[in-house]
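# A look at the structure
Okay, here's what each chain looks like letter by letter:
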Amino acid sequence: MTPYENLLYFLLLMLLFLPIVIYGLRGKKITFYNTLVGWTLILLIFKDDLKQLLFFICFTIFQSVLVINYRKYREKYNNPRVFYFLIVLTLFPLILTKVQPLLIPNSIIGFLGISYVTFKSIQLLIEIRDGLIKSLTLFEFLQFFLFFPTFTSGPIDRYRRFEKDFKNSFEPEEYKVLLFNGINLIFRGFLYKYIIAHAINLYIISNVYLHEDLFVLKLLYMYAYSFYLFFDFAGYSAFAVGVSYLLGVQTPQNFNKPFLSRNIKDFWNRWHMTLSFWFRDYVYIRLVFFLQKKKIIKNRYVISYISYFTLFFLMGLWHGLALHFIVYGIYHAILIICYDLFERKNKEKKLIRRTKFTDILSIIITFHFICFGFLIFSGTLF
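Residues numbered from 1 in each chain as written. Predicted model: local features only at pLDDT ≥ 70, side-chain atom pairs only at ≥ 80, totals over all residues. Heavy atoms only, no water.

## Re the overall build of the protein chain
Within the protein chain one finds 14 helices and 0 strands. Taken against the 2.2 N^0.38 rule, which gives 21 Å for 382 residues, the C-alpha radius of gyration of the protein chain at 22 Å falls within 12% of a compact globule. Its C-alpha atoms give the protein chain principal-axis dimensions of about 60 × 55 × 50 Å. Counting only residues that meet the buried cut, the protein chain has 48% of its 382 residues in that class. Long-range pairs, those at least 24 residues apart, make up 72% of the contacts in the protein chain with a sequence separation of at least 6. Once the 42 positive and 22 negative side-chain charges of the protein chain are each reduced to a mean point, those two points are 8 Å apart. (Helix = DSSP H or I, 4+ residues; strand = E, 2+ residues; numbered from the N terminus. Rg over C-alpha atoms; globule rule 2.2 N^0.38 Å. Buried < 20%, exposed > 50% of the residue type's maximum accessible area, 1.4 Å probe, protein only. Contact = heavy atoms within 4.5 Å. Lys, Arg positive; Asp, Glu negative; His and termini not counted. Charge placed at Lys NZ, Arg CZ, Asp CG, Glu CD.)

Given below as structure tokens:
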């Protein structure tokens, strides 16, 4: 059973969440029941594939052992080699899921959501090493790792923020606000995913004439696919965040009007924000720091551009090993590097002053670069 994919799933949520909402309105949390409901709904994902269920259980045990034992190890030691070795081990199952379709058809390796939970493990390892997380029990790890509203496709939360919400008891009036906002987000998800995105897919994308090799039709497909991708994924994210709110966890939003971005940097601060911020904090910033510390390259702009290229190349690989995903990542790396060069030159020479007109023009230009990127991402360009 794929989360948020049919009416039966939402009816099941309504039934299971009734005690959670009743207790929440009384200012109480029933942690054991919340956990039981969440883990049951995760297990339902695998109800039709026992092989995947077995892999998921082994994967969860494997990640638990790595993170919990590293937390204990970190109390006395801080060997960088141990840390990097554990990062590689944590990533190994995810790498296998990306590579195995090319080597072994119909393999049992992988499951829906493996990328997002792997990122959670890596985040925990990094923050344990940094000394930001000093205490972590197996139960606390599993609560974060197996938080079901965001299990399959995010948004990606941060452990310390999640822990604060999970342990916090809301007053009845505070929970009423969360309940209202959560229900509002769930209805927004229905509007985005099952009305707007469905209509775009049904009446435009699925139209057979769009597959003809005509420029106008390809252009129409590019715009339609871009809006479809946004409304479908933003709808799913609204479901995930809304259900999180009902549980008293304020999972961060994933989208903030991305098609109104004034430049490509602004876009990545608005689109799939939790993923882009995750890559920024745990890949880009750390790679910049590493290159500066080792003094491998002296020019800070070159360091920044190498880090941008690495970040977006990895983001492309994360989507898959197909050529169009890799090209998509490289395309955005080139865009953000070119924009940074332009921005620095513009500050120096004052070539373009910011006005309402230039803001509107910037949004239009950025929108078209974004849509072309999504056309690459769709795999239909080549």
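Further notes follow.
## Some words on the packing of helix α3 (residues 50–73) against helix α6 (residues 138–145)
Think of two packed helices as two axes; the pair is described by the angle between the axes and how far apart they sit. As a packed pair, α3 and α6 sit with axes 11 Å apart at the nearest point and diverge in direction by 125 degrees. Here α3 lies oblique to α6, going by the angle between them. Here the hand of the crossing between α3 and α6 comes out right-handed. Note on element contacts: α6 touches α3 through L138, F141, L142 and F145, opposite F59, T60, Q63, S64, V67 and I68. Tallied by class, residues from the contact of α3 with α6 come to 7 nonpolar, 3 polar and no charged. (Axes fitted to C-alpha atoms, helices over the stretch in contact; angles between N-to-C directions. Parallel < 35°, antiparallel > 145°, perpendicular 65-115°, else oblique. Left-handed = near helix turned anticlockwise from the far one by under 90°. Nonpolar A, V, L, I, M, F, W, Y, C, P; charged D, E, K, R; others polar.)

## A few points about α6
With 6 of 8 residues buried, α6 lies mostly within the body of the structure. The elements touched by buried residues of α6 are α2 (31–45), α3, α5 (114–129) and α7 (159–167).

## As for unusual backbone geometry
Going from G154 to P155, the amide bond is cis rather than trans, its omega being 0 degrees. Structurally, P155 is set in the loop between α6 and α7. With a phi close to 50 degrees, K257 is a non-glycine residue in the positive phi region. For K350, which is not a glycine, the phi torsion comes out positive at approximately 55 degrees. Looking at where K350 falls in the secondary structure, it is placed in the loop between α13 (323–349) and α14 (356–378). Residue K350 is classed as exposed on the basis of its relative accessible area of 55%.

## Some remarks on the environment of P252
The topology assignment puts P252 in the loop between α9 (215–246) and α10 (264–268). Separated by 90 residues in sequence, P252 and F162 have C-alpha atoms that sit 9.7 Å apart. Those residues in contact with P252, other than ones at most four positions away along the chain, are P155, I156, D157, R161, V241 and T274.

## A closer look at the pattern of salt bridges
In the structure shown here, the tally under the stated rule is 19 salt bridges. A salt bridge links E75 to R71; the nearest nitrogen and oxygen atoms lie 2.3 Å apart. Between D165 and R161 there is a salt bridge whose closest N-O contact spans 2.7 Å. With D165 and R161 both in helix α7 and 4 residues apart, the pair spans about one turn of that helix. Relative accessible area serves as the criterion here: at 8%, D165 is assigned to the buried category. You can call R161 partly exposed: its relative accessible area is 27%. One continuous salt-bridge network, built from bridges that share partners, spans K265, D340, E343 and R344. (Salt bridge = Lys/Arg side-chain N within 4 Å of Asp/Glu carboxyl O.)

## Things to note about the packing of aromatic side chains
Enumeration according to the criterion identifies 61 aromatic pairs in this entry. Centroid distance F55 to F59: 6.3 Å. Interplanar angle 25 degrees. Geometry classified as stacked. On the criterion of helical spacing, the pair formed by F55 and F59 is a turn pair, its members being 4 residues apart in helix α3. Residues F55 and F59 agree in their burial class; the two are buried. When the centroid spacing of 5.6 Å and the interplanar angle of 85 degrees are considered together, the rings of F259 and F367 count as edge-to-face. With F259 in the loop between α9 and α10 and F367 in helix α14, this pair connects stretches of sequence that are 108 residues apart. Taking the relative accessible area as the measure of exposure, F259 reaches 12% and is therefore buried. In this structure, K29 packs its charged tip against the face of F166, placed 5.8 Å from the ring centre. Above the face of the F83 ring, R129 is positioned so that its terminal group lies 4.8 Å from the ring centre. (Phe/Tyr/Trp six-rings, centres within 6.5 Å; stacked < 30°, edge-to-face > 60°. Lys NZ or Arg CZ within 6 Å of the ring centre and 35° of its normal.)

## Thoughts on the confidence of the model for the protein chain
Of the residues in the protein chain, 97% have a pLDDT of 70 or more, and the chain-wide mean is 92. Averaged pLDDT values over the elements of the protein chain bottom out at 90 in helix α4 (residues 80–103) and peak at 97 in α10. (pLDDT = per-residue confidence, 0-100.)

## Let's talk about the state of the cysteines
Formally, a disulfide is one covalent bond, and it connects the sulfur atom of one cysteine to the sulfur atom of another. Under the definition given, this model contains 0 disulfides. The cysteine C338 is free of any disulfide, with C371 supplying the nearest cysteine sulfur at 19 Å. Residue C338 is classed as partly exposed on the basis of its relative accessible area of 43%. (Disulfide = S-S within 2.5 Å.)

## Regarding the environment of L191
Tracing the backbone shows L191 in helix α8 (residues 172–205). Judged by its relative accessible area of 39%, L191 is partly exposed. For the pair L191 and L102, spaced 89 residues apart in sequence, the C-alpha to C-alpha distance is 37 Å.

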